[in-house]
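Structural characterization, general
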Amino acid sequence: MEPLLSAVASDLISRALSMVIQRYGRSKAEETEQKIQQLQRVLLRIDATVKEAERRYITSQTMLWQLDMLRQGMYQGHYMLDSFRYGGHLDDNEVSGGRAVALPRFTSSKLLFLLSVSSNVKLEKMLDSLETLMGDMQEFVVFLEGYPRICRQPYSTYLILDKVMFGRQMEMETVLNFLLRPEATGDGNPCVLPIVGMTRVGKSTLVEHVCLDERVRRHFSSIVLFTGGNLGAGNMAALRGSGVIKHQDVTAASYGRSLVVIELDGEMEEETWRRLYSSATRATEHGSKIIVTSRSEKITCFGTAQALRLKPLPEEAYWYFFKTLAFGSANPDDQPKLASLGMEIAPMLKSSFLGANLVGGVMRANQNAQFWRWLLQCFNDITSKHLLLFGCATDQAKFRTIAWRSSIPPYYTYLATCTTHTGRCSMISKKRPRQMRV
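Parameters and conventions
Residues numbered from 1 in each chain as written. Predicted model: local features only at pLDDT ≥ 70, side-chain atom pairs only at ≥ 80, totals over all residues. Heavy atoms only, no water. Helix = DSSP H or I, 4+ residues; strand = E, 2+ residues; numbered from the N terminus. Contact = heavy atoms within 4.5 Å. Salt bridge = Lys/Arg side-chain N within 4 Å of Asp/Glu carboxyl O. Buried < 20%, exposed > 50% of the residue type's maximum accessible area, 1.4 Å probe, protein only. Phe/Tyr/Trp six-rings, centres within 6.5 Å; stacked < 30°, edge-to-face > 60°. Lys NZ or Arg CZ within 6 Å of the ring centre and 35° of its normal. Pairing = 2+ DSSP bridges. Axes fitted to C-alpha atoms, helices over the stretch in contact; angles between N-to-C directions.

1. Notes on the environment of Asp-82
Relative to the helices and strands, Asp-82 resides in helix α2 (residues 61-86). In this structure, the C-alpha to C-alpha distance between Asp-82 and Asp-333, residues 251 residues apart in sequence, is 9.1 Å. For Asp-82, the residues in contact, after removing those within four places along its chain, are Gly-87, Trp-319, Lys-323 and Met-343.

2. With respect to the pattern of salt bridges
Side chains carrying opposite charge are able to pair once their charged atoms draw close together. The tally for this structure, following the rule as stated, stands at 15 salt bridges. Here Glu-52 ties to Arg-149 by a salt bridge, and the two come within 3.1 Å at their closest N and O atoms. Separated by 97 residues along the polypeptide, Glu-52 in helix α1 (residues 2-54) and Arg-149 in the loop between α4 (138-144) and α5 (157-161) bring together distant segments of the chain. You can call Arg-149 exposed: its relative accessible area is 53%. The network of salt bridges with shared partners includes Glu-52, Arg-55, Arg-56, Glu-145 and Arg-149.

3. Details of the packing of aromatic side chains
If you walk through the whole model with that rule in mind, you get 11 aromatic pairs. With a centroid separation of 5.8 Å and an interplanar angle of 25°, the aromatic rings of Trp-273 and Tyr-277 are classed as stacked. A residue pair is termed a helical-turn pair when its members lie 3 or 4 positions apart in one helix, as Trp-273 and Tyr-277 do in helix α10 (residues 270-283) at 4 residues. By relative accessible area, which is 17% here, Tyr-277 ends up buried. With a centroid separation of 5.6 Å and an interplanar angle of 70°, the aromatic rings of Phe-321 and Phe-353 are classed as edge-to-face. Here the residue Phe-321 occupies a position in helix α11 (residues 315-327), and Phe-353 occupies one in helix α13 (residues 353-365), the gap between them amounting to 32 residues. Both residues of the pair, Phe-321 and Phe-353, belong to the buried class. Over the face of the ring belonging to Phe-178 we find Lys-289, whose NZ or CZ atom lies 5.0 Å from the ring centre.

4. Describing the sheet that holds strand β1 (residues 191-197)
With mixed pairing, the 6 strands of this open sheet are ordered in space as β3-β2-β4-β5-β1-β6. Only two strands of the sheet have a single neighbouring strand rather than two, namely β3 (244-248) and β6 (308-310). This sheet shows a mean twist of 15° between the axes of neighbouring strands, independent of strand direction. The sheet contact formed by strand β2 (residues 222-227) and β3 spans 4 bridges and is antiparallel. Looking at the pairing, Leu-225 lines up with Val-244 of β3. Sheet strands touched by helix α6 (residues 169-180): β1, β4 (258-263), β5 (289-294) and β6. Its angle to β5, the strand with the most contacts, is close to 145°. The sheet strands contacting helix α7 (residues 203-211) are β1, β2, β3, β4, β5 and β6, and the helix crosses β1 at an angle near 140°.

Read these as spatial facts, not as claims about activity.
Dropping the structure here:
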């Protein structure tokens, strides 16, 4: 009898605890919903402030720094809000490649309880952070009125993002500040700004947008671009004919100042750089500037100014960017299923601008759950499928195709190198491919 009584008592205790947890969980769920609504209201205020600031021509570095803080808070807040809104709309087989785990009733209730408590803590921290941020921006909002407005057509957000560089406003202002401030070396030699970053992080695009700025074009009478393949001689005079002239205006009141942009594929020998810099000093007028871009950290020693390091977008900012491209003029709130799938796809692109434009454009043109689910499955299975089908490949044929054409300067065309495989894999078939007789 004792084992039976023990089992009955254990079951009663388990049921009682489960009931308590479920009731507490419901109250916590209601509390979480209230906090989500508070978060939404705070984000509306931040969104309005950021949009108003982006319509102004702001020149103060302090104001720009505060605006960047607001943007980061906006991205983080929207990411959390979207996680709560859309996180529960996927089926078990649509999350993480279909790896779902069945939990017992008691364990599931406990998990929901723990998740509810954790969610409330995260929401409280985010709310406190954003409300403090907005409280500190009262002077910022007042000072905005003193800056002139920028004329802009009332396009949809995704069309604006299709024409501007996203997430690099502070970096652009850093480069502009370097180019437009007075000569700082004191000896008449050109100042040098190194820009370092991984492949396709946006180094060339950033420099191109800076060079298109009217303030830069008024400040320099010429802007010339040199690429790594032409720099072996280390002699600026010999390179004059190989550079690409991005801007030239002999009538400008810029006193012959030049901006030289050097794009390196990798590293440059220090001796080559010394010859090139010495040649540039003789070939350019006082007040000229040099920008050097590369993937290699070694170019930082070439700079007379602190190197600018470009990093991939944070996850929250990247989701904001990707969501805008994927939905276009549609409202994600009207399609929570698609938004859930989008939040699963975005991290797989590893903060790639190219990936966001390529994949986001395809998703925007095919806004249905079946297609997006298929796309998610492709990302989940691509590695295993490649190994399964082509691990034992024989004959190969290579070809190149256009992956995407950029719609913003410098208007690069990205090519993909593809390989076709004809072969077999022992996991699939033991038959040999038939030979055609001639």
